[in-house]
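What follows is each chain in one-letter form.
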Amino acid sequence: MHLYSRLSVMIVALLIIPFARSQPTIAQPEEKSAIPAAPEIAANAYILIDASTGSLLAEKNADQHLPPASLTKLMSSYLVIDEIQRGLISESNLVKISIKAWKMGGSRMFVKEGTQVSVGELLRGVIIQSGNDATIALAEYISGDEQAFVDMMNKKARDLGMEETHFADASGMPAENHFTSARDLSKLARAIINDHPDYYHLYAEKSYTYNNIRQPNRNLLLERDRTVDGLKTGNTEEAGYCLVASAKREATRLIAVILGAKSDEARATEAQKLLNYGFKHFETITLYANNKTVTKAQVWEGKTAEFSLGLNESIQLTIPQGKAEQITPKVRPPKMITAPIQKGEQYGILSIELDDKVLSTQHLIALESVEQANFFQRLWDRVKLFFRKTFNRDETKI
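A brief report on the enclosed structure follows. The model shown is predicted, which means the values in this text are computed figures rather than measured ones. Counting starts from 1 at the beginning of each chain's written sequence and moves along it residue by residue. At least 70 in pLDDT is required for a residue's local features to be given in this predicted model, at least 80 for side-chain atom pairs to be given and counted, and no such filter applies to totals for whole chains, interfaces and linings, which use all residues. Only hydrogens and water are set aside when side-chain values are computed; all heavy atoms of the structure are taken into account.

Structurally, Asp-50 can be placed in strand E1 (residues 45-50). A distance of 2.9 Å separates the side chain of Asp-50 from the side chain of Thr-318, its partner in a polar contact. When neighbours within four sequence positions are excluded, Asp-50 is seen to be in contact with Ser-55, Leu-57, Arg-190, Thr-252, Arg-253, Leu-254, Thr-284 and Thr-318. Here a strand is any run of E in DSSP of at least two residues, a helix any run of H or I of at least four, and the numbering for each starts at the N terminus. Any N or O atom pair separated by 3.5 Å or less is treated as a polar contact, with the protein-specific requirement of one donor-capable and one acceptor-capable atom, and with residues adjacent in sequence counted only for side-chain atom pairs. Any two residues having at least one pair of non-hydrogen atoms within 4.5 Å are treated as being in contact.

If you want it as structure tokens, here you go:
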């Protein structure tokens, strides 16, 4: 190679190599950590939801029609408590036990035909002892006969959005056209927790004694996990072993539904696996308490220059564990707000985002009223707005 050519190559190499070495390494973006799949659950169907938000955390065959066995009594007890809370009946009311109630087979409270038992005692017999006899006695007391009570059950199921449910009896004895789904039972459990908080403690009772006969609650998790406080078990040959369980740890309450497990032990074990999975990977957070200031907005032609915006209700969200600090609130106010302002009127939108996904969108409302200013102040604000628009300045921002 010609001497000048060799020198040229060397000079170029000397110039390029240091430059190449000095180039910064471009870090590749890390993949967002994914929540692991739910564990294998040995059951025909299951679901796991957040009780506060209703968020779905895990499911399998959640809409499949399956026999509910004694989980039926969740609806029966819901209706009885509803009647009590509405003042239509009282726990102290006495119920005369019919021959039909007395003759009921399966799990029983052991009430006797012709005796009178209080509503409160029978309710505990339904929830804790899963008594078929107690269930029929209450159904007859409230509606006159079981079928009329079943009609009430089906109406309430529709009201709660239980679209895959139809009841044929009040206690869960095997019957044609008697079915529900895991998803529907989670809706019912959530309604029990939210609608009847003063009576929810009954579902955590570990035993109940009536007529000197003590019967334990069949929900094994009440003994094994102090955070579990309900709800109900069920079992027939057709349905298998079923359980609706709820637990609360810190600010998070979860509901797990297991349908068609192989044994009493299996339904408890599988429900525990679901609950542990949910608490490990998810949490419930509350943002912006109701009627507390979220932000302030500028107002024109008013006696004050700004006013507070907030929410009618606090925002509750179910998010992956450890993600709370990554929540991003974004406010979209109207471009210009002019007095008068009425408390409670809507002004703008609050959206809550996480990982570029919108988790919640809520209307912001005025937390206070703002009266119009006097004539001269309004006139001065209009002059300022005129120049603001003339020089293309941004409109009012929060």
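This is not the end of the story, as more comes after the structure.
This part takes up the packing of helix H2 (residues 73-85) against helix H5 (residues 132-143). To define axes, lines are fitted to C-alpha atoms, for helices over the stretch in contact only, and angles between the resulting N-to-C directions are given on a 0 to 180 degree scale. It is the contact of H2 with H5, at a shortest axis distance of 11 Å, that shows an interaxial angle of 40°. Relative to H5, H2 is oriented oblique. Crossing hand, H2 versus H5: left-handed. Residue-level contacts link Lys-73, Ser-76, Val-80 and Glu-83 of H2 to Asn-132, Thr-135, Leu-138 and Ile-142 of H5. Residue classes follow a fixed rule: Ala, Val, Leu, Ile, Met, Phe, Trp, Tyr, Cys and Pro count as nonpolar, while Asp, Glu, Lys and Arg count as charged, and any other residue, Gly among them, counts as polar. Its residues placed into classes, the contact of H2 with H5 shows 3 nonpolar, 3 polar and 2 charged. Our angle categories are set so that under 35 degrees counts as roughly parallel, over 145 as roughly antiparallel, 65 to 115 as roughly perpendicular, and the remainder as oblique. The sense of a crossing depends on the near helix, which, turned anticlockwise from the far helix by less than a right angle, makes the crossing left-handed and, turned clockwise, makes it right-handed.

Two quantities define a packed helix pair, namely the angle between the helix axes and the distance between the axes. For the pair H5 and helix H6 (residues 146-159), interaxial distance at closest approach is 8 Å and the crossing angle is 85°. Classed by the angle they form, the pair H5 and H6 counts as roughly perpendicular. Counted together, Ile-136, Ala-139, Glu-140, Ile-142 and Ser-143 of H5 and Glu-146, Ala-148, Phe-149 and Met-152 of H6 form the full contact between these two elements. Among the residues making up the contact of H5 with H6, the classes are represented as 6 nonpolar, 1 polar and 2 charged.

With that settled, consider unusual backbone geometry. Following Gly-230, the chain continues to Leu-231 via a peptide bond in cis, the omega torsion being 10°. Looking at the element boundaries, Leu-231 is found in strand E7 (residues 228-236). Phi at Asp-356 takes a positive value of approximately 65°, unusual for a residue other than glycine. Relative to the assigned elements, Asp-356 resides in the loop between strand E15 (346-354) and strand E16 (357-366).

This paragraph deals with the nonpolar core. Among the nonpolar cores identified, the biggest contains 62 residues, and Leu-122, Val-244 and Leu-259 are the most heavily contacted of them. We define a nonpolar core as any set of buried Ala, Val, Leu, Ile, Met, Phe, Trp, Tyr and Cys residues linked to one another through side-chain atoms lying within 4.5 Å. Exposure classes here rest on a 1.4 Å probe applied to the protein chains alone. A residue is buried below 20% of its type maximum, exposed above 50%, and partly exposed in between. Counting 24 residues, the second-largest nonpolar core is a separate cluster that includes Tyr-46, Ala-256, Ile-258 and Phe-282.

What follows deals with the packing of aromatic side chains. Aromatic ring pairs: the centre-centre distance and the angle between the two ring planes describe each pair. Each pair of aromatic rings taken from Phe, Tyr and Trp, with Trp reduced to its six-membered ring, is defined by centres within 6.5 Å and is described as stacked if the planes are under 30 degrees apart, edge-to-face if over 60, and tilted in the remaining cases. Using the criterion set out here, one finds 5 aromatic pairs in the structure. Relative to Tyr-347, the ring of Phe-307 has its centre 5.6 Å away and its plane inclined at 75°; by these criteria the two rings are edge-to-face. Remark: Tyr-347 occurs in strand E15 and Phe-307 occurs in strand E12 (residues 306-310); sequence separation between them is 40 residues. For the residue pair Phe-307 and Tyr-347, the accessibility class agrees, reading buried in each case. Judged by centre distance (5.4 Å) and plane angle (80°), the ring pair of Phe-386 and Phe-387 falls under edge-to-face. With relative accessibility at 53%, the residue Phe-386 sits in the exposed group.

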